[in-house]
Amino acid sequence: MAVQDILTIPDERLKQVSQPVESFDEQLHWQLQDLEDTRQAGPAAVGIAAPQIGWFQRAVIVDVSGRKKTPSHGYLELINPEILEWDDFKLGREGCLSVPDFTGNVIRAKNIKLRAFDRHGSMLEFDMTGFEARAIQHEIDHLDGILFPDRVVSRRSDLFQRKVYQASTKK
Amino acid sequence: MLTLVGQDHTGIVAAVTRVLSDHDCMLSEASMMRLGGNFSMMMMVGAEASAETLNTLLNSIAHSMGLCVHVDEAAGKPHQHIQPNVEVRVMGADRAGIVSSVTSALADCEVNIVDLESDVIGKQDEPVYIMNILGVSTAPIETLQKRLEEADLKAVDVSVSAVETLIA
Ligand SMILES: [Zn+2]
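Starting from 1, residues in each chain are numbered consecutively following that chain's sequence as written. Numbering of ligands from 1 and lettering of chains from A proceed in the order in which they are written. Residues qualify for local features only when their pLDDT is at least 70, as the model is predicted, and side-chain atom pairs are given and counted only at 80 or more; totals for whole chains, interfaces and linings, by contrast, use all residues. Note that the side-chain values use all heavy atoms of the structure and ignore hydrogens as well as water.

### What to know about the nonpolar core
Here comes step 1: Among buried residues, the Ala, Val, Leu, Ile, Met, Phe, Trp, Tyr and Cys ones that are joined through side-chain atoms within 4.5 Å form a nonpolar core. The cut-offs for exposure are 20% and 50% of the maximum accessible area for each residue type, with area from a 1.4 Å probe on protein chains only; residues under the lower value are buried, those over the upper are exposed, and the others partly exposed. Of all hydrophobic cores here, the largest spans 22 residues; its most connected members are Val46, Leu78, Ile112, Leu114, Met128 and Ile136 of chain A.
Here comes step 2: At the level of elements, β2 (59-62), β3 (76-96), β4 (99-117), β5 (123-129) and α2 (130-143) of chain A are the ones that each hand at least two residues to this core.
Here comes step 3: Not counting residues within four places of it along the chain, the set of residues in contact with Leu114 of chain A comprises Leu78, Pro81, Glu82, Ile83, Leu124, Glu125, Phe126, Met128, Ile136 and Ile140 of chain A.
Here comes step 4: Of all hydrophobic cores here, the second largest spans 20 residues; its members include Val90, Ala105, Ala139 and Ala151 of chain B. Strands here mean DSSP runs of E at least two residues long; helices mean DSSP runs of H or I at least four residues long; both are numbered from the N terminus. Any two residues whose heavy atoms approach within 4.5 Å at even a single point are treated as in contact.

Dropping the structure here:
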């Protein structure tokens, strides 16, 4: 068990692009353990990305299974994740372990098809929706050096969200 | 707490914040927007100078720019955010009393409103009122829905939903 410090803004390192994982070895397994220990130690985060603990490789952990009525694939360690397809969009509120004391609305794809590798290097594919899909997109942004405040949309435009939503459900 | 209102024109924010920065004020949370052709500003300012001093300084520029500005001593500091857990959306033909009916219903349920935005949209001769409230509620969503249904809100569309914040 090794809880790491979480990098927080304005740490420049959060903006760097993380490199793909190439060796699926014991070192990777230890780092994943640190990543999960750090997620568990913090305030109820449903996900964490490697660069948040200063590990600049493309690895994330997501687990939204603790939420009621939420479609979920359970606890996921995802190495070199890649979104293959997007469908539809939805506004939702996000916060981040690396951006304390701030939440805001972000538009994310509602449904995604995801490809990633597990800790042994086996390929995984998932169809994800809703909260889980949102968490993945938030985490992949971390791997690309993007933080959610870069994507926050104004509350003012949010006034009209319902109209947009109704139009899109009529399709 | 600084409050300002006046006819909208360019340079208001620059002029006001210039005075404040010249007097070593720290600006924190602020809300500024154009409301019905007026420019409005509400801003928390951290200052060594007294409210009286700031009032005098700001009024000297405000007057020439046609602005009403006021600084009051206020308790409070940054990092006092509370997370909303409910959102209420309202839309309907504009008439008097919509806000009052909706917010009374919410107050009955002891909802603490943390943010309210509204606008009048649609055609000039057929105005539509639209409002979005974020609040903190200890009562379940169903209770709020029931109470809002009981309120007299003919032809006004009201929806209540949970605000779920993803932390990751
Ligand atoms: Zn994050």
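### A short note on the packing of aromatic side chains
Residue and element names in this part refer to chain A.
Here comes step 1: In this scheme Phe, Tyr and Trp rings, the latter by its six-membered ring, pair at centre separations within 6.5 Å, and the angle between planes marks the pair as stacked below 30 degrees, edge-to-face above 60, and tilted otherwise. The final tally for this structure, using the stated rule, is two aromatic pairs over all chains.
Here comes step 2: With centroids separated by 5.7 Å and ring planes inclined at 25°, the aromatic side chains of Phe102 and Phe148 adopt a geometry described as stacked. With Phe102 in strand β4 and Phe148 in the loop between α2 and β6 (152-153), this residue pair connects regions lying 46 residues apart in the sequence.
Here comes step 3: Judged by relative accessible area, which is 1%, Phe148 ranks as buried.
Here comes step 4: In this structure, Arg67 is placed above the aromatic ring of Phe131, and the distance from its NZ or CZ to the ring centre is 3.5 Å. Only Lys NZ and Arg CZ are tested; either one counts as a charge over a ring when it is within 6 Å of the ring centre and within 35 degrees of the ring normal.

### Topic: the coordination of the zinc ion
Here comes step 1: Ligating atoms shown are N, O and S within 2.8 Å of the metal, or 3.2 Å for Na, K and Ca, and water is not included, meaning a site may look less than complete. Taken together, Cys96 of chain A (SG), His138 of chain A (NE2), His142 of chain A (NE2) and Ala168 of chain B (O) make up the full set of protein donors to the zinc ion, lying 2.0 to 2.3 Å away.
Here comes step 2: If you look at the zinc ion, its four donor atoms make angles of 88 to 148° with each other, and the shape they trace is irregular. In this pair, His142 of chain A is assigned in helix α2 and Ala168 of chain B in the segment after β9 (165-167), connecting two distinct chains.
Here comes step 3: Judged by relative accessible area, His142 of chain A falls into the buried class, the value being 2%. For a four-donor site, all angles between 85 and 135 degrees give tetrahedral; for four or six donors, opposite pairs above 155 degrees with the remaining angles between 65 and 115 give square planar or octahedral; all remaining cases count as irregular.

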